[in-house]
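# Summary of the model geometry
The chain contents come next:
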Amino acid sequence: MAYTIITIDSESDEDAPKKSMDEKKRKRMISNRESARRSRMKRQKQMEDLITEKAELERKLYEDDLKYNALLKMHVVLELENKVLKAKENKLTRYLIFLHQMLQEHREITDSSLNNDLEIITEPKFFEFMASSC
């Protein structure tokens, strides 16, 4: 007698490829979800880095603004001091020119009187006067 073995399988042979496809879809879906999660985490990290960088740049900008304003004030003060010093230089230059003129006039007067004195000293009458007064 020939026996035929019939196996009772809850899955039919037709369901096996379908189950294999479902398993592939499920694995792909899990992989896609994990990839999407990594992508969201990467984007979140990039956003946090950009926020940190923005805060650092704003802090540097604020510090640079403070330095700029301090330098600007110093520049204004130095410009005013420079104007005052230039005015003093101009006044002293005019005074120096005046003193040179006065010195020149004094030399001219002194040279003139010295020449007159030399004329007096070289005259014979002067020598006679000097001899008689001794």
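Before reading on, note that the structure itself is shown above.
Residues numbered from 1 in each chain as written. Predicted model: local features only at pLDDT ≥ 70, side-chain atom pairs only at ≥ 80, totals over all residues. Heavy atoms only, no water.

For the protein chain, the count of helices and strands is two helices and zero strands. In the protein chain, which comprises 134 residues, the proportion classed as buried is 0%. Total accessible area on the protein chain stands at roughly 13400 Å², and carbon and sulfur atoms take up 61% of it. (Helix = DSSP H or I, 4+ residues; strand = E, 2+ residues; numbered from the N terminus. Buried < 20%, exposed > 50% of the residue type's maximum accessible area, 1.4 Å probe, protein only. Areas by Shrake-Rupley, 256 points an atom, 1.4 Å probe, with all protein chains shown as cover.)

We now examine the pattern of salt bridges. Two side chains carrying opposite charge are able to pair once their charged atoms lie near each other. Under the criterion given, the structure shown has seven salt bridges. Asp49 is the salt-bridge partner of Lys45, the closest N and O atoms lying 2.9 Å from each other. You can see Lys45 and its partner Asp49 sitting in helix 1 (residues 15–122), four residues apart, about one turn around the helix. Given the relative accessible area of 46%, Lys45 is considered partly exposed. Residue Lys54 is joined to Glu58 by a salt bridge in which the shortest nitrogen-to-oxygen separation is 3.5 Å. Of this pair, Lys54 and Glu58 both sit in helix 1, four residues apart, which is roughly one turn of that helix. One network of salt bridges, in which partners are shared, links Glu34, Arg37 and Arg38. (Salt bridge = Lys/Arg side-chain N within 4 Å of Asp/Glu carboxyl O.)

A surface patch of nonpolar side chains, about 380 Å² in accessible area, is lined by Tyr68, Leu72, Val76 and Leu80. Among the structural elements, Val76 can be located in helix 1. Using a relative accessible area of 43% as the deciding quantity, one classes Val76 as partly exposed. (Patch = residues over 30% accessible without salt bridge, like charges linked within 9 Å, V, L, I, M, F, W, Y side chains within 5 Å.)

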